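What follows is the residue order along each chain.
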Number of protein chains: 2
Amino acid sequence: MDTELIFRLATEHDLDRIVEMLADDELGSTRERYEKPLPESYLKAFKAIAADANNELVVASLEKEVVGVQQITFTPYITHQGGWRATIEGVRTSSSERGKGIGTALIQFAIQRAKERGCHLVQLTTDKKREDALRFYEQLGFIATHEGMKMKL
Amino acid sequence: MDTELIFRLATEHDLDRIVEMLADDELGSTRERYEKPLPESYLKAFKAIAADANNELVVASLEKEVVGVQQITFTPYITHQGGWRATIEGVRTSSSERGKGIGTALIQFAIQRAKERGCHLVQLTTDKKREDALRFYEQLGFIATHEGMKMKL
């Protein structure tokens, strides 16, 4: 990328824009509520993430505009000889900025953070309906070795 | 189950038995090191898990013997209107106790904990090589809607 993409922890002021991006998505539009004011549940979740040293809500900004978001969770496990893992979730880029490599840069940033935190593995799950996303992650080096299983409560 | 299966948080004294179970597994045997004394990395991970209010290492015990283990991670996300999720990892039951429903009881316990913690979703990934595990989780109500993608660092 020629222009300077900056990665930083999200602040409360970014929350509106983050939810806007999450809702501007085929699957996200059915499950988010981008309203003004935002439903309080978003702020509550933001505060829980911000208070947790093992969770990082990261935004990508381009010329001071937030154009991407992702959450990285670092988890210690007994498995793999007590290895830490990084899990990436909620990756979105601004629909007006697609094709500029922002998604790739976001994931590369997450991989870098995972290395800095001493993780032996980076993982994510992607909805099987998102065929483009599957190819995108494969090109970045992820392998779909696992089934991602979900149960709604 | 007729006999009484008890679920509790693991203590440091359970660690040896937990690693023994993790290593007694086709995939686990290639990546764990069940030695005496245990590699220090296991204790370090145990302490990190024990210190984290969003991680629970749970053992199942039957007549005071540890016969099963799993880790449950509770994570706040902005997605799904700021919803919490529970992630299950490292599920193992004692090879001498299989077929007694201990695995089912473990997962049902995790689902109960997820509800108590206000999660809207329980999730896990299972290696595509473990065909029996896939069927097991499907029978419990999990749906393989996602690809589970991993990248070793």
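Reading the values: the criteria
- Residues numbered from 1 in each chain as written.
- Chains lettered and ligands numbered in written order.
- Predicted model: local features only at pLDDT ≥ 70, side-chain atom pairs only at ≥ 80, totals over all residues.
- Heavy atoms only, no water.
- Least-squares fit on C-alpha atoms with pLDDT ≥ 70 in both.
- Contact = heavy atoms within 4.5 Å.
- Phe/Tyr/Trp six-rings, centres within 6.5 Å; stacked < 30°, edge-to-face > 60°.
- Buried < 20%, exposed > 50% of the residue type's maximum accessible area, 1.4 Å probe, protein only.
- Pairing = 2+ DSSP bridges.
- Helix = DSSP H or I, 4+ residues; strand = E, 2+ residues; numbered from the N terminus.
- Axes fitted to C-alpha atoms, helices over the stretch in contact; angles between N-to-C directions.
- Buried area = accessible area lost by both parts, 1.4 Å probe.
- Salt bridge = Lys/Arg side-chain N within 4 Å of Asp/Glu carboxyl O.
- Polar contact = N/O pair within 3.5 Å; in protein donor to acceptor, adjacent residues only side chain to side chain.
- Nonpolar A, V, L, I, M, F, W, Y, C, P; charged D, E, K, R; others polar.

By the naming in an unreviewed UniProt entry, chain A goes by Ribosomal protein S18 acetylase RimI-like enzyme and is assigned to Planomicrobium soli.

Draft legend 1. Focus on the relation of the copies chain A and chain B. When chain A is fitted to chain B, the residual RMSD is 0.0 Å, and the transformation amounts to a turn of 180° plus an axial shift of 0.0 Å. Accordingly, the operation relating the two chain copies is best matched by a two-fold axis. Across chain A, the smallest distance between a C-alpha and the rotation axis is recorded for Gly148(A), namely 2.2 Å. A share of 100% of interface residues in chain A that are also interface residues in chain B marks the association as one of identical surfaces.

Draft legend 2. Structural view of the packing of aromatic side chains. Residue and element names in this part refer to chain B. Counted under the stated rule, the structure contains six aromatic pairs over all chains. On the basis of an interplanar angle of 65° and a centroid distance of 5.0 Å, the ring pair of Phe136 and Tyr137 is categorised as edge-to-face. Given the relative accessible area of 24%, Phe136 is considered partly exposed. Classification of Tyr137 by relative accessible area gives buried; the value is 9%.

Draft legend 3. The arrangement of the sheet that holds strand β6 (residues 143-152) of chain B in detail. Sheet architecture is open: 12 strands sit in the order β1(A)-β2(A)-β3(A)-β4(A)-β5(A)-β6(B)-β6(A)-β5(B)-β4(B)-β3(B)-β2(B)-β1(B), paired in mixed fashion. Bordering the open sheet on either side are β1 (5-9) of chain A together with β1 (5-9) of chain B, each of which pairs with just one other strand. The mean angle between the axes of side-by-side strands here comes to 30°, regardless of whether they run parallel or antiparallel. Across seven bridges, the pairing between strand β5 (residues 119-127) of chain A and β6(B) is antiparallel. Paired with Leu124(A) across the bridge in β6(B) is Met149(B). Running over the sheet, helix α1 (residues 15-23) of chain B touches β2 (55-62), β3 (65-76) and β4 (84-93) of chain B and is turned about 90° from β3(B).

Draft legend 4. Local environment of the interface of chain A and chain B. Listed by partner, the interface residues are 61 residues for chain A and 61 residues for chain B. Contact between chain A and chain B buries roughly 5,700 Å² in total, counting both sides, with carbon and sulfur atoms accounting for 62%. The tally of links between chain A and chain B comes to two salt bridges. A salt bridge links Glu89(B) to Arg85(A); the shortest N-O distance between them is 3.2 Å. Where chain A touches chain B, the interface holds 34 residue pairs in polar contact (both at pLDDT 80 or more). Broken down by element, the residue count for the side of chain A that touches chain B peaks at 10 residues, all from strand β6 (residues 143-152) of chain A. For the side of chain A that touches chain B, the per-class residue count stands at 29 nonpolar, 19 polar and 13 charged. Sheet topology places β6(A) next to β6(B); five bridges connect them, and they run antiparallel. The partner of Ile143(A) across the bridge, within β6(B), is Lys150(B).

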